[in-house]
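Close look at the chain arrangement
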Amino acid sequence: MSVTRPADEYEELVHIVDRIARRFPEVDESTLFEMVADELTGFDGAHLRDYVPVLVEGRVLRVLRARAAG
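Quick caveat, the model's predicted, so the values are computed rather than measured.

With their axes 9 Å apart at the nearest point, helix H2 (residues 29-41) and helix H3 (residues 52-69) run at an angle of 125 degrees to one another. In this view, H2 runs oblique relative to H3, as classed from their interaxial angle. With respect to the hand of their crossing, H2 and H3 are arranged in right-handed fashion. For the pair H2 and H3, the contacting residues are Leu 32, Met 35, Val 36, Glu 39 and Leu 40 in the first and Val 52, Val 56, Arg 59, Val 60, Val 63, Leu 64 and Arg 67 in the second.

Our next topic: the nonpolar core. Ile 20, Phe 24, Leu 32, Val 36, Val 56, Val 60 and Leu 64 are the most contacted members of the largest nonpolar core, which has 16 residues in total. Those elements that place two or more of their residues in this core are helix H1 (9-23), H2 and H3. Discounting chain neighbours no more than four positions away, the residues touching Leu 64 are Ile 20, Phe 24, Val 27, Leu 32 and Met 35.

Attention shifts here to the pattern of salt bridges. All chains considered together, the criterion is met by four salt bridges. Note that Glu 9 and Arg 49 form a salt bridge whose closest N and O atoms lie 2.9 Å from each other. Pair noted here: Glu 9 is in helix H1 and Arg 49 is in the loop between H2 and H3, with a separation of 40 residues, a long-range link.

Rules and cut-offs
- Residues numbered from 1 in each chain as written.
- Predicted model: local features only at pLDDT ≥ 70, side-chain atom pairs only at ≥ 80, totals over all residues.
- Heavy atoms only, no water.
- Axes fitted to C-alpha atoms, helices over the stretch in contact; angles between N-to-C directions.
- Helix = DSSP H or I, 4+ residues; strand = E, 2+ residues; numbered from the N terminus.
- Parallel < 35°, antiparallel > 145°, perpendicular 65-115°, else oblique.
- Left-handed = near helix turned anticlockwise from the far one by under 90°.
- Contact = heavy atoms within 4.5 Å.
- Core = buried A, V, L, I, M, F, W, Y, C linked by side-chain atoms within 4.5 Å.
- Buried < 20%, exposed > 50% of the residue type's maximum accessible area, 1.4 Å probe, protein only.
- Salt bridge = Lys/Arg side-chain N within 4 Å of Asp/Glu carboxyl O.

That's the geometry; what it means functionally is another story.
So, in structure tokens, the structure goes:
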């Protein structure tokens, strides 16, 4: 697995969970995987998949920041 050149979308999503886990160590990794999976379903019909992982990461980060602030 390469962080800079992931083989596929799944591998990139695994790296995203790792990055988020380092920023929010208080959140269980299984919870992060569930959050990523939930956000990913919103892109099921997307034809252009290149930006899906970064969009999913942004959405999960927004949710976690909102939880931490509130």
